[in-house]
Amino acid sequence: MNAILDKWHAGLTEAGRPDEYEVKCLLAELRLRVPPGRRLPPGEISVAPGFAGPFVAKVCSPDIVHKTDLQGVYLNLGPEELVSALQNLHATFPGACTLIEQMVSFEGPEMIAGGIVDPGLGPAVMVGAGGILTEIHQDVAFRLAPLDHDEAGRMLAELKIYPVFQGFRGLGLDAAGLAGLLVTVSRLVDALGPAFDQLDLNPIVWTTQGWMILDAKLMLRAKS
Amino acid sequence: MTADPPELQRLFNPKAIAVIGASNRPGNIGGIIFERLMPSLRKLYPVHPRETHIMGYAAFSEVTALPDGIDVAIVATGAAAAVSATEACAARGIPFLIIVAGGFGETGTGGARLEARLKRVVAHSASRILGPNSLGIFIPAERLDTIFVEHGDKALSRGGGVAFITQSGSVGVEALGLASNTGYGMRAFVGLGNKCDLDELDFLDYFGRDPDTACLAFYLESIEHGRRFLDRARQVTPHKPVIVLKAGRTPSGARAVSSHTGRLAGMDAVVSGALRQYGIQRVMDDEELCDASKSLSMLPPAPGPRVAVLTPAGGFGVMCADYVEADHRGTPLTMARLQPETVRRIRDATFPFAACENPVDLTASADDAMFGRSLDALLLDDGVDIVICTAFFAPPAISDSLIREIADRARKSPKPVITFTQYGPFTDLYLRRFHDAGVVGFPSISRAVRAARFLVERARILAALEGRP
């Protein structure tokens, strides 16, 4: 873990300020699943990202936290729509990179996982019902990091949404797989140490390939 | 620095105690404490600059005049005098000081300066300090009581298994009051006060290992050395329940929270998750702290979540079923499905026409023996994990013998039996009688059902600690 993190820190475009693409590269290094994606430098238009569509195009910058609110995300694009979406993004966010990803289809609810630092107790992780309504549902469970697989399973069992892991309406979501993801997240949060501030993986969805993280934000602390 | 548990033995079982600031003047706090200590049959040494005798004991004019071998000095003067007295006690090598005086860090900068001097005493001597601003300690079994607030100690003289450790004096007095009203078995009471030295970590370790402690209850506004407290609590929770009321729920960090996770951490969701992770049972208010510690110190963990309700009063039974099935804060209960054999046993013991659904309503025609034999049947049923009895004394054939009928069975049962009782102005009296008979009782249905959840939660903690699903 530490070797991966050192290399990742060293490779960041802006030290201590990873963008979505860089966070997802780190998650992929940790064997967590993210959609196939490619980051384009400011102004560049690509018609052939190197994977099949449909596509998602988003602005990709550590400065833009709420990209959906700022018209920074275009979904479900064919090849031609991709070009115009990229043009729009470059016009709206001059000087910012863009991220093209494969649009993933999924089954069941969106989940969220994340991490924060509690002032008294240190790094903690969370899992819960995700998506844009996550703060309305408030269906989340917290634990201190790091944690083991059993404890991660108990976090899921605490959620109101837990029946979706038990065959509710024919959904076959894999609780053990999501627990495994949480364990990895908790180790990441722990290993980042004093550099860690906040992490959001939202949404995380169940796909034919398993749990996949569609959006990721990692905020680090300036070295003091 | 954490005190060795054997070392704290001297604090909780001292042979010789000095009370600094004890006076014959009525209402004097040192005097009240001194009087409280007289039945403890320890050697007592009052210290007062002018009075020569305190309640018949020869007084010492100053700390330097005290003999050797004093285990505990209780400092009951004003704040400034308390600091000098503490310094003098430390110089005399007195190992434990209980500083009752307030007027320290809780009052502002002047008080904080005085408290800093106490911390210097701790740093530069072998003496350990409880407080300042501490309500003191109370060990019923040792008849050792340094609490100057009236707290109905006669009711507590039987003692019990709860180590009650509180940062707030008033919450402590409430628990003690509850104890004297309705029964509550206390092994020890510790008023932490401002925690300038000894803190919850010391007492967690001590009572965690104390064979006479069945359960630890903490009221805390701040958790010192958060992770260490959790780690040490996990050493205790496999052996005995640890319950925490963490008051002062503050937003998680003043830092800007730009993440969903940060906003969802809200008031203190992290604390709740962390306590659960380490096998600690969290409660949200004073009443719940007392109810949980009372239940967990006296009753076994519930083997499962299935509740049977036995009542001679239909209304209470129906309400009980509602509470069992209602919002559960993460610990669901269910109404047990009674086995045919159980139904047959209850009908044999009562009336052929008895309604033996759960809740089992024996109706107002029931008598004490019917209630007892029906309780037997429920406890024998493999599908029942917990029994809640509503002890209602109004029916004509129900008498005070119902207490014994329930107690005889509850005390022997490996399954928890919880009692609800409500009988107008006599409610507290009956609760006390149940408590004295070894039965856990509550004056409301919702509290009885909530107690069942604590026992289910405890069983789940034990299962998790042992790696069971």
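It should be emphasised that the depicted structure is a prediction, and the values quoted were computed from it without experimental measurement.

Scoring rules and cut-offs
- Residue positions are given per chain, counting from 1 as you read along its sequence in written order.
- Labels are handed out in written order, letters beginning with A for the chains and numbers beginning with 1 for the ligands.
- Where totals are concerned, whole chains, interfaces and linings use all residues; where local detail is concerned, this predicted model gives features only for residues with pLDDT of at least 70, and gives and counts side-chain atom pairs only at 80 or more.
- For the purposes of this entry, the term helix denotes a DSSP run of H or I that reaches at least four residues, the term strand denotes a run of E that reaches at least two, and both are numbered from the N terminus.
- We compute the radius of gyration from the C-alpha atoms alone; for a globule the expected value is 2.2 Å times N to the 0.38, where N is the number of residues.
- Placing C-beta atoms from the backbone, we regard two residues as in contact once those atoms come within 7 Å.
- Source of the domain bounds: an automatic or database domain assignment.
- Structurally, a nonpolar core is described as a collection of buried Ala, Val, Leu, Ile, Met, Phe, Trp, Tyr and Cys residues joined by way of C-beta atoms within 7 Å.
- Whether a residue is buried, exposed or partly exposed is read from the other C-beta atoms within 10 Å of its own C-beta, which are placed from the backbone; 20 or more gives buried, 12 or fewer gives exposed, and intermediate counts give partly exposed.
- Here an axis means a line fitted to C-alpha atoms, over the contact stretch when the element is a helix, while the angle between two N-to-C directions is reported on a 0 to 180 degree scale.
- By the definition used in this description, the sense in which the near helix is turned from the far one sets the handedness, with an anticlockwise turn below a right angle giving left-handed and a clockwise turn giving right-handed.
- Gly counts as polar in this scheme, as do all residues outside two lists: the nonpolar Ala, Val, Leu, Ile, Met, Phe, Trp, Tyr, Cys and Pro, and the charged Asp, Glu, Lys and Arg.
- Here a helix's expected span is defined as the number of its residues, less one, multiplied by 1.5 Å.
- A strand pair is defined by DSSP finding two or more bridges across the two strands.
- Throughout, right-handed denotes a crossover for which the path from the first strand over the helix to the second runs clockwise when the strands point away from the viewer.
- Roughly parallel here means an angle under 35 degrees, roughly antiparallel means over 145, roughly perpendicular means 65 to 115, and every remaining angle is called oblique.
- As a per-residue measure, pLDDT tells how confident the predictor is, with possible values from 0 to 100.

Draft legend 1. A look at the overall build of chain A. Within chain A one finds 6 helices and 10 strands. Taking 17 Å as the expected radius of gyration for a compact globule of 224 residues, we find that chain A reaches 18 Å, a close match to that expectation. Along the first, second and third principal axes, the C-alpha atoms of chain A reach 50 × 45 × 30 Å. Contacts in chain A between residues at least 24 apart in sequence constitute 63% of all its contacts with a sequence separation of at least 6.

Draft legend 2. Molecular detail of the domain arrangement of chain B. All names here are of chain B. Partitioning chain B into domains gives domain 1 (5-296) and domain 2 (300-465). Computed from C-alpha atoms alone, the centre-to-centre distance between domain 1 and domain 2 is 36 Å. Taken together, the contacts link 13 residues of domain 1 with 16 residues of domain 2. Sorting the residues of the side of domain 1 that touches domain 2 by element identifies α5 (169-182) and α10 (286-298) as the ones contributing at least two each.

Draft legend 3. Structural view of the nonpolar core. Residues V75 and I388 of chain B are the most contacted members of the largest nonpolar core, which totals 207 residues. Those residues in contact with I388 of chain B that lie beyond four places of it in its chain are V307, V309, C320, I418, F420, A448, V449 and A452 of chain B. Membership of the second largest hydrophobic core comes to 16 residues, among which are C60, L89, A96 and I100 of chain A.

Draft legend 4. Seen up close, the packing of helix α5 (residues 149-158) of chain A against helix α6 (residues 175-192) of chain A. Residues and elements named next belong to chain A. Where α5 contacts α6, the two axes come as close as 8 Å, and the packing angle between them is 115°. The handedness of the crossing between α5 and α6 is right-handed. Residue-level contacts link H149, A152, G153, M155 and L156 of α5 to A175, L178, A179, G180, L182 and V183 of α6. For the contact of α5 with α6, the residue count by class is 8 nonpolar, 3 polar and no charged.

Draft legend 5. Structural context of α5 of chain B. Residues and elements named next belong to chain B. The end-to-end C-alpha separation of α5 is 20 Å, in line with the 20 Å expected for 14 residues at 1.5 Å each. Looking only at α5, the buried set comprises G169, V171, G172, A175, L176, L178, A179 and T182. Note on α5: the residue one or two positions beyond its end, G183, has a positive phi of about 95°.

Draft legend 6. Expanded view of the pairing of strand β11 (residues 186-191) of chain B. All names here are of chain B. For β11, a buried count of 6 out of 6 residues is recorded, marking the element as mostly surrounded by other parts of the structure. Of the pairings in the sheet, the one linking strand β8 (residues 136-139) to β11 comprises 3 bridges and is antiparallel in character. By the bridge assignment for β11, F138 is matched with F189. As defined by bridge partners, strand β10 (residues 162-166) adjoins β11 across 5 bridges and the pair is classed as parallel. Following the sheet pairing, T166 is matched in β11 by G191. Read from β10 through α5 to β11, the crossover connection turns out right-handed.

Draft legend 7. Main features of the domain arrangement of chain A. According to the domain assignment, chain A contains domain 1 (36-102) and domain 2 (107-220). If you average the C-alpha positions of domain 1 of chain A and of domain 2 of chain A, the two centres end up 26 Å apart.

Draft legend 8. Broad picture of the environment of I64 of chain A. All names here are of chain A. You can see I64 is positioned in the loop between β2 (55-60) and β3 (73-77). I64 sits in the partly exposed class, given 16 other C-beta atoms within 10 Å. Spatially, the C-alpha atoms of I64 and E22 are 14 Å apart, while their sequence positions differ by 42 residues. Those residues in contact with I64 that lie beyond four places of it in its chain are V59, L70, G72, F93 and A96.

Draft legend 9. Summary view of the packing of helix α12 (residues 340-349) of chain B against helix α13 (residues 368-380) of chain B. Residues and elements named next belong to chain B. Where α12 contacts α13, the two axes come as close as 9 Å, and the packing angle between them is 170°. Considered as vectors, α12 and α13 are oriented roughly antiparallel to each other. Where α12 abuts α13, its residues T342, R345, I346 and A349 lie against M370, R373, S374, A377, L378 and L380.

Draft legend 10. How the structure looks around the environment of D68 of chain B. Relative to the helices and strands, D68 of chain B is located in the loop between β4 (57-58) and β5 (72-75). Along the backbone, D68 of chain B and S297 of chain B are 229 residues apart, and their C-alpha atoms lie at a distance of 39 Å.

Draft legend 11. Looking closely at the interface of chain B and chain A. Taken together, the contact pairs 21 residues of chain B with 32 residues of chain A. Elements with a minimum of two residues in the side of chain B that touches chain A: α7 (226-236), α8 (260-265) and α9 (269-277) of chain B.

Draft legend 12. Spotlight on the confidence of the model for chain B. Looking at chain B, pLDDT values average 91 and 95% of them are 70 or higher. This prediction of the complex comes with two scores: 0.93 for pTM and 0.91 for ipTM.

Draft legend 13. Broad picture of the environment of A308 of chain B. Residues and elements named next belong to chain B. Residue placement: A308 occurs in strand β15 (residues 306-311). Accessibility expressed as a C-beta count within 10 Å gives 28 for A308, which makes it buried. C-alpha of A308 to C-alpha of R337: the two residues are 29 residues apart in sequence and 8.2 Å apart in space. Setting aside residues up to four positions removed in sequence, A308 forms contacts with A336, L338, N358, V360, L378, V384 and V387.

Draft legend 14. Focus on the sheet that holds strand β1 (residues 16-20) of chain B. Residue and element names in this part refer to chain B. If you trace the 5 strands from one edge of the open sheet to the other, you get β2-β1-β5-β6-β7, paired in parallel fashion. The sheet is open, and its two borders are formed by β2 (43-47) and β7 (128-130), each paired with just one other strand. Adjacent strand axes in the sheet meet at a mean angle of 20°, parallel and antiparallel pairs treated alike. In this sheet, β5 lies alongside β1 in parallel orientation, the contact comprising 4 bridges. Note that in β5 the partner of A18 across the bridge is A73. Each of β1, β2 and β5 is contacted by helix α2 (residues 29-37), which is oriented at about 160° to β1, the strand it contacts most.

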